[in-house]
Amino acid sequence: QVQLVESGGGLVQAGGSLRLSCAASGRIFSDYAMGWFRQAPGKDREFVAAISRGGGRTQYADSVKGRFTISRDNAKSTVYLQMNSLKPEDTAVYYCAADRTPMVLTTSTAYHYWGQGTQVTVSS
């Protein structure tokens with residue numbers, strides 16, 4: 001089992017920045033690929049960003065490319081999502097996810113472990 005706890009969400013004005021963190025425990029963090037997803041009210045959960053277990057490969061949703069950066073610190077068992085130039089449409093609950101694979105995963109059904117989510121609200 002892997003336990004994931006997100007933090008860093010909050011209320012920010014459009015154009016501002018936030019950094020989300022996801023702390024993992026329970027297994028060897030460096031064995032797990034990580035991803036960030038988000039879900040806005042009334043919408044399906046959508047892919048945001050993903051990173052390979054070593055950190056050398058990343059993928060982003062087109063909607064966040066150039067604004068968001070995913071990174072990880074395997075020594076701290078933590079994955080981050082730096083979010084810049086935030087827009088009101090980025091408002092959602094953000095979830096981190098983990099799966100024990102060498103791949104970079106972009107679909108929610110591929111992940112076995114999920115955090116509880118953290119709310120991000122961007123005001124216009």
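Given the structure is predicted, the values throughout are model-derived calculations rather than measurements. (Residues numbered from 1 in each chain as written. Predicted model: local features only at pLDDT ≥ 70, side-chain atom pairs only at ≥ 80, totals over all residues. Heavy atoms only, no water.)

Undergrad: Any chance you could break down unusual backbone geometry for me, citing the residues and the numbers?
TA: One non-glycine residue, Ser 77, lies in the positive phi region at around 55 degrees. When you line up the elements, Ser 77 lands in the loop between strand 7 (68–73) and strand 8 (78–83). Here Ser 85, not a glycine, exhibits a phi torsion of approximately 50 degrees, which is positive. (Helix = DSSP H or I, 4+ residues; strand = E, 2+ residues; numbered from the N terminus.)

Undergrad: Hey, could you go over the sheet that holds strand 8 for me, with residue numbers and the actual values?
TA: Strand order in the open sheet formed by four strands is 1-3-8-7, and the pairing between neighbours is antiparallel. The outermost strands of the open sheet, each flanked by one partner alone, are strand 1 (3–7) and strand 7. Taking the axes of each pair of neighbouring strands and ignoring which way they run, one obtains an average angle of 15 degrees across the sheet. Here strand 3 (residues 18–25) runs beside strand 8; their pairing, made up of six bridges, is antiparallel. (Pairing = 2+ DSSP bridges. Axes fitted to C-alpha atoms, helices over the stretch in contact; angles between N-to-C directions.)

Undergrad: Could you give an account of the pattern of salt bridges, with specific residues and numbers?
TA: Going through the model one piece at a time under the given rule, you end up with five salt bridges. A salt bridge links Glu 46 to Arg 38; its shortest N-O distance comes to 2.5 Å. The class for Glu 46 is partly exposed, based on a relative accessible area of 35%. Notably, a salt bridge pairs Asp 62 with Lys 65, separated by 3.2 Å at the nearest N-O pair. Residue classification places Lys 65 among the partly exposed residues on the basis of a relative accessible area of 49%. (Salt bridge = Lys/Arg side-chain N within 4 Å of Asp/Glu carboxyl O. Buried < 20%, exposed > 50% of the residue type's maximum accessible area, 1.4 Å probe, protein only.)

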